[in-house]
Amino acid sequence: MTHFDPHSGERRPLPAVVQFTPLQQDVIKLLALVLMVLDHANRAQGLDSSTLLLLGRGAFPLFALVWGDNLARRPVRQAQATRLWGWALLAQPGYWLVMRHDGFTLYEPNILFLFAVVTQALAMAHWPVRQGSPNGGVGGALLLALWGYYVATPGTYGVDGLLLLLASYGLCVTLPPTVSETGWLRGLAIVSWPILTLRLNAGLGHSMMLSGLLLPTLLIAGALAVVAISPLDPQRRLLTPGFFLQAYVAHLLGLVAGWAG
């Protein structure tokens, strides 16, 4: 349900469950990036380390929450989706060269395509607000359905990955008081996020499933604790805009160069 103010008798927007400061965001991004590089290095070098595999599975839930927090602060714009599409295309050759040792083909999308398609759907859902079009939300839902049916792959965590991004956005967005279903939607996001995080590792055994949920949870708690005791301004940024996208492409090229050498 929406938040009810007993003093004014008015319904107010339902606040976000998850909201990071800029400094917290950057610390979590750095942690997630380290985990992702370890995972891809494990694959590129053929190490087959279960420890590195476990650590790597913690990266996506962390990135999902930071992505949701970024998008939820204002209406999603087409420019945000377009930028992700561009970087996803740029990263694809390097991704294939790293992942082909696991049997991935050139046409199996990297994770940036998943972020791009969900961002695109959210941008389309916001079109009616800016342009008076009644069909943006329908178009966004259709786009997600087509992705889930035809394009979702293990490399993008399948349908569970798509739903986890939506749940992450649902945890971070402030819901308007005019929508009577907001309480139900927020509750769905709260319940589904840990379940979907468990399902990301469903094929790897029960211990890996549980560890895959506990790892990002503990890392987030640790990051928040470190930032809380840090003398740095919580509004300070450690990373430049677009750092993750640039680092994603750069680390793939670095792994390819290292493997070739």
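A brief structural summary.

Quick notes on the rules
Residues numbered from 1 in each chain as written. Predicted model: local features only at pLDDT ≥ 70, side-chain atom pairs only at ≥ 80, totals over all residues. Heavy atoms only, no water. Helix = DSSP H or I, 4+ residues; strand = E, 2+ residues; numbered from the N terminus. Contact = heavy atoms within 4.5 Å. Areas by Shrake-Rupley, 256 points an atom, 1.4 Å probe, with all protein chains shown as cover. Expected span 1.5 Å × (residues − 1). Buried < 20%, exposed > 50% of the residue type's maximum accessible area, 1.4 Å probe, protein only. Core = buried A, V, L, I, M, F, W, Y, C linked by side-chain atoms within 4.5 Å. Salt bridge = Lys/Arg side-chain N within 4 Å of Asp/Glu carboxyl O. Polar contact = N/O pair within 3.5 Å; in protein donor to acceptor, adjacent residues only side chain to side chain. Axes fitted to C-alpha atoms, helices over the stretch in contact; angles between N-to-C directions. Parallel < 35°, antiparallel > 145°, perpendicular 65-115°, else oblique. Left-handed = near helix turned anticlockwise from the far one by under 90°. Nonpolar A, V, L, I, M, F, W, Y, C, P; charged D, E, K, R; others polar. Phe/Tyr/Trp six-rings, centres within 6.5 Å; stacked < 30°, edge-to-face > 60°.

### What to know about the overall build of the chain
Thought 1: Counting its secondary structure elements, the chain contains 10 helices and two strands.
Thought 2: Written out in order from the N terminus, the α and β elements of the chain read β-β-α-α-α-α-α-α-α-α-α-α.
Thought 3: In the chain, 73% of the contacts between residues at least 6 apart in sequence involve partners at least 24 apart.
Thought 4: In the form shown here, the chain has an accessible surface area of approximately 13,000 Å², with 67% of it arising from carbon and sulfur atoms.

### Focus: helix 9 (residues 206-229)
Thought 1: Across its 24 residues, helix 9 extends 35 Å between first and last C-alpha, which sits within 8% of the 34 Å expected from 1.5 Å per residue.
Thought 2: Those residues of helix 9 lying buried are M208, M209, G212, L213, L215, P216, I220, A223 and V227.

### Things to note about helix 1 (residues 22-44)
Thought 1: Taking 1.5 Å per residue as the helical rise, helix 1 with its 23 residues ought to reach 33 Å, and the 32 Å between its terminal C-alpha atoms agrees with that figure.
Thought 2: In terms of burial, helix 1 is largely enclosed, as 18 of its 23 residues are buried.

### Examining unusual backbone geometry
Thought 1: Unlike most non-glycine residues, Y157 shows phi in positive territory, near 65°.
Thought 2: Positionally, Y157 belongs in the loop between helix 6 (136-151) and helix 7 (158-172).

### Topic: the nonpolar core
Thought 1: In terms of nonpolar packing, the biggest core is built from 70 residues, with F60, W67, L114, V118 and Y248 touching the most fellow members.
Thought 2: The contact partners of W67, leaving out residues within four places of it in the chain, are L84, F115, V118, T119, L122, L165 and Y169.

### Some thoughts on the pattern of salt bridges
Side chains carrying opposite charge are able to pair once their charged atoms draw close together.
Thought 1: Applying the stated rule across the entire model yields four salt bridges.
Thought 2: One salt bridge connects D69 with R73, and the closest N-O pair in it is separated by 3.0 Å.
Thought 3: Using a relative accessible area of 38% as the deciding quantity, one classes R73 as partly exposed.
Thought 4: Among the ionic contacts, a cluster of salt bridges with common partners joins D26, K29 and R237.

### What to know about the side chain of T119
Thought 1: Residue placement: T119 occurs in helix 5 (residues 111-131).
Thought 2: Since its relative accessible area comes to 0%, T119 is described here as buried.
Thought 3: At 2.6 Å, the side chain of T119 and the backbone oxygen of F115 are in polar contact.
Thought 4: Contacts of T119, omitting those with residues within four sequence positions, involve W67, L71, V76, Q80, A81 and L84.

### Re the packing of helix 3 (residues 59-71) against helix 7
Thought 1: Two elements in contact, helix 3 and helix 7, have axes whose closest approach is 8 Å; the angle formed by their N-to-C orientations is 45°. By the angle between their directions, the pair helix 3 and helix 7 is classed as oblique. With respect to the hand of their crossing, helix 3 and helix 7 are arranged in right-handed fashion. Contacts from F60, P61, A64, L65, W67, G68, D69 and L71 of helix 3 reach helix 7 at G161, L164, L165, S168, Y169, L171 and C172.
Thought 2: Grouping the constituent residues of the contact of helix 3 with helix 7 by class yields 11 nonpolar, three polar and one charged.

### A short note on the packing of helix 1 against helix 3
Thought 1: Two elements in contact, helix 1 and helix 3, have axes separated by 8 Å at closest approach and are oriented at 150°. In terms of orientation, helix 1 and helix 3 fall into the roughly antiparallel class. When the axes of helix 1 and helix 3 are compared, the crossing they make is left-handed. Two secondary-structure elements touch here, helix 1 through Q25, I28, K29, A32, L33, L35 and M36 and helix 3 through A59, L62, F63, V66, D69 and N70.

### Observations regarding the packing of aromatic side chains
Thought 1: Counted under the stated rule, the structure contains seven aromatic pairs.
Thought 2: Relative to F115, the ring of F60 has its centre 5.9 Å away and its plane inclined at 70°; by these criteria the two rings are edge-to-face. Of this pair, F60 sits in helix 3 while F115 sits in helix 5, and the two are 55 residues apart along the sequence. Like F115, F60 is buried.
Thought 3: Each ring, one from F244 and one from Y248, has its centre 6.0 Å from the other, and the planes form 55°; the classification is tilted. One end of the pair is F244 and the other is Y248, both in helix 10 (residues 243-260) and four residues apart, which spans about a single turn. Each of the two residues, F244 as well as Y248, counts as buried.

Shape is all these values report; function is a separate question.
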